[in-house]
Amino acid sequence: MQPPMWTIVFFIFLSILSFGASSIKIKDDWVREVPPASSVTAVYMVVENNGNEDDRLIEVKTDVSNHAEFHTTLVNEKGVAKMEKFKYVNIPSGKTVVLEPGESHIMLIELIKPLKAKDKIKLDIRFEKFGVIKVEAQVKGMQSHDIHEQ
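Presented here is an overview of the structure given in this document.

Conventions adopted
Here, residues in each chain are numbered from 1, in the same order as that chain's written sequence. For a predicted model such as this one, the threshold for reporting local features is a pLDDT of at least 70, and the threshold for listing and counting side-chain atom pairs is 80 or more; totals across whole chains, interfaces and linings nevertheless cover every residue. Processing note: side-chain calculations cover all non-hydrogen atoms of the structure and skip hydrogens and water entirely. The salt bridge definition used is simple: a Lys or Arg side-chain nitrogen within 4 Å of an Asp or Glu carboxyl oxygen. Numbering of helices and strands runs from the N terminus, with a helix taken as a DSSP run of H or I at least four residues long and a strand as a DSSP run of E at least two residues long. For every residue, the accessible area obtained with a 1.4 Å probe (protein chains only) is divided by the maximum for its type, and the residue is called buried under 20%, exposed over 50%, and partly exposed between those limits.

**A look at the pattern of salt bridges**
Applying the stated rule across the entire model yields seven salt bridges. Residues Glu48 and Lys27 are paired through a salt bridge, measuring 2.9 Å at the closest nitrogen-oxygen approach. Remark: Lys27 occurs in strand E1 (residues 24-32) and Glu48 occurs in strand E2 (residues 40-49); sequence separation between them is 21 residues. On the accessibility criterion, Glu48 (13% relative accessible area) is buried. Among the salt bridges present, the one from Glu59 reaches Lys61, with a minimum N-O distance of 4.0 Å.

Laid out in structure tokens, this is it:
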């Protein structure tokens, strides 16, 4: 007995949809503690795209700041560092993108409250194709040993 034609069409359709899909995973996410008077901080993480399709990190929302931006740190020929804002982060298929201190990162701007070491903040991280991933990132202390602890 052969399966109904709609069953065959359904499974073909599912395999086509899943072939090009992105598969995003976030790990090692953390937030830098800053002095209470500071109105900005940075978020760092590792983003893995194990799918067959490129994607983009396009938005980050949290209830601890009024908005978030993607920045990268550039150093000119004189050794002077400055931050440059950009609209999204490319996440190529089969690749890992690291957002880390001194490189690309997410800036949380206009903090609503001071963030202290060991706090956890909720982040909604939106990708162009994959959708939203909700994470809870730990705030790490300003001392270097706290920043490198996972």
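From this point on, the discussion continues.
**Focus on unusual backbone geometry**
One non-glycine residue, Asp28, lies in the positive phi region at around 55°. Its location among the elements puts Asp28 in strand E1. Positive phi, close to 85°, is recorded for Lys118, a residue that is not glycine. Mapped onto the elements, Lys118 comes out in the loop between strand E8 (105-111) and strand E9 (120-127).

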